[in-house]
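Coordinates in review
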Amino acid sequence: MAPVEGPWDWYGKRALVTGATGFIGDRLVARLAALDAEVHAVSRRPQAQAAGEVWHTADLTDPEAAGNLIRAARPDVLFHLASEVTGTRDHNAVLPTMHANLAAAVNLMSAVAGAGTGTRVVLAGSVEEAREGDAVPCSPYAAAKWAATGYARMFHGLWDVPVTVLRVAMVYGPGRDEPRRLVPYVTRALLQGRDPELSSGTRMIDWVYVDDVADAFVAAASAEKAAGQVFDIGSGRRVSIRETVERITRIIGGAGRPRFGALPDRPLDNPQIADVAAAAEVLGWRPVTPLAEGLRATVAWYADRSRSDGLPPDDV
């Protein structure tokens, strides 16, 4: 299977998505299906076969499993989104995040290199990866993603694997209930009339809407000049946690009030703001969803879910 040249036509192309049950992965699978791609989706646990999708079960930290997956799916493009996402500074997170975020990526790239099929690879990196001049990654997760990006550059430079890394900023939006994440946690609490407990709120965040991120992955796979490059995917704008939470509070109204300073700030929580100029130039991608619009859609999704569940507020 040779690399696709010229304008990218998704019809019948085999697209393999790891982490397909995740927040971004779910959106990407739907987007690819709408483009008439042949979608192969990967999960750690067996999934019901859906119309238009072929599901695979694999532990990507196992090199043999990763190789078997690539041979079975024979993808034209591999989107590697499977990840252990955590901002914890706990040293006990080092090994789990290394295996989930570094070993899995290396196993898949090794399988692609060994297959010699010219499969395009798009890796989900993180805007929190250390940049040039940074001495210390801010977390075990950031360190693992940073290392995976280095391996991706090596696989492209030594063995011409057409791999692209998207360093994704803080993703938010409707469709995935992750109560440990800031926007879901605050939204759920305020909808229930509770006071969310937060840090000082001074940290600056680059927020990017989930549908815009899915579009960025499609654009990265489609752009011929993207191979071997690393792109920031975000809004390019700084917004503090305090301002973000206050926006959500105004949208919801109600009795709940954020308690800033109830939790300590995390060490090495330095802001990393996406520079989207390269993504715009090479991928033809820019974020299109303003934060105000995206937060309203997110709050509406949580409010609808709360009503449809019919659960008492503390159980929503």
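Before any of the text, the structure's been laid out above.
About the criteria used
- Residues numbered from 1 in each chain as written.
- Predicted model: local features only at pLDDT ≥ 70, side-chain atom pairs only at ≥ 80, totals over all residues.
- Heavy atoms only, no water.
- Helix = DSSP H or I, 4+ residues; strand = E, 2+ residues; numbered from the N terminus.
- Buried < 20%, exposed > 50% of the residue type's maximum accessible area, 1.4 Å probe, protein only.
- Polar contact = N/O pair within 3.5 Å; in protein donor to acceptor, adjacent residues only side chain to side chain.
- Contact = heavy atoms within 4.5 Å.
- Patch = residues over 30% accessible without salt bridge, like charges linked within 9 Å, V, L, I, M, F, W, Y side chains within 5 Å.
- Areas by Shrake-Rupley, 256 points an atom, 1.4 Å probe, with all protein chains shown as cover.
- Salt bridge = Lys/Arg side-chain N within 4 Å of Asp/Glu carboxyl O.
- Pairing = 2+ DSSP bridges.
- Axes fitted to C-alpha atoms, helices over the stretch in contact; angles between N-to-C directions.
- Core = buried A, V, L, I, M, F, W, Y, C linked by side-chain atoms within 4.5 Å.
- Expected span 1.5 Å × (residues − 1).
- Left-handed = near helix turned anticlockwise from the far one by under 90°.
- Nonpolar A, V, L, I, M, F, W, Y, C, P; charged D, E, K, R; others polar.

Glancing now at the side chain of Thr-244. Within the element layout of this structure, Thr-244 appears in helix α7 (residues 241-252). The exposure class of Thr-244 is buried, given its relative accessible area of 1%. Side-chain polar atoms of Thr-244 contact the side chain of Trp-207, separated by 3.0 Å. Once you skip the residues sitting within four places of it in the chain, Thr-244 turns out to touch Trp-207, Val-239 and Leu-295.

Taken together, the side chains of Tyr-151, Met-154, Leu-158 and Trp-159 make up a nonpolar region of the molecular surface, amounting to roughly 410 Å² of accessible area. For Tyr-151, the location among the structural elements is in helix α4 (residues 140-159).

Pairing in this open sheet of 7 strands is parallel, and the strands run β3-β2-β1-β4-β5-β6-β10 from one edge to the other. Since the sheet does not close on itself, it has two edges, and those belong to β3 (53-57) and β10 (230-233), each with one partner. For this sheet, the mean inter-axis angle between neighbouring strands, taken without regard to orientation, is 20°. For strand β6 (residues 163-168) and β10, the ladder comprises 4 bridges, and the chain directions are parallel. Note that in β10 the partner of Leu-166 across the bridge is Phe-231.

Here strand β1 (residues 14-18) lies mainly inside the structure; 5 of its 5 residues are buried. Burial along β1 is two-sided: the face carrying Arg-14, Leu-16 and Thr-18 and the face carrying Ala-15 and Val-17 are both buried. Here 4 bridges tie β1 to strand β2 (residues 38-43), and the two strands are oriented parallel to one another. Pairing of Leu-16 across the sheet is with His-40, part of β2. In terms of strand pairing, β1 meets strand β4 (residues 77-80) through 4 bridges, oriented parallel.

Within the largest apolar cluster, 42 residues are counted, with the highest numbers of intra-cluster contacts made by Trp-10, Leu-32, Phe-79, Leu-166, Phe-217 and Leu-283. Per-element accounting of this core gives the leading share, 8 residues, to helix α6 (residues 210-222). Residues contacting Leu-283, with those up to four places away along its chain left out, are Leu-166, Ala-219, Ala-220, Ala-223, Ala-226, Phe-231 and Ala-278. If you look at the next biggest cluster of nonpolar residues, it comprises 28 residues, including Ala-82, Met-109, Phe-155 and Val-230.

Moving on: α4. Here α4 spans 28 Å end to end across 20 residues, near enough to the 28 Å set by a 1.5 Å rise per residue. Downstream of α4 by one or two residues, Asp-160 has phi in the positive range, about 60°.

Quick look at the packing of helix α5 (residues 182-191) against α7 now. Running from N to C, α5 and α7 cross one another at 35°; their axes reach a closest spacing of 10 Å. For the pair α5 and α7, the crossing hand works out as right-handed. Across from Leu-182, Val-183, Val-186, Thr-187, Leu-190 and Leu-191 in α5, the residues of α7 making contact are Ile-241, Val-245, Ile-248, Thr-249 and Ile-252. Its residues placed into classes, the contact of α5 with α7 shows 9 nonpolar, 2 polar and no charged.

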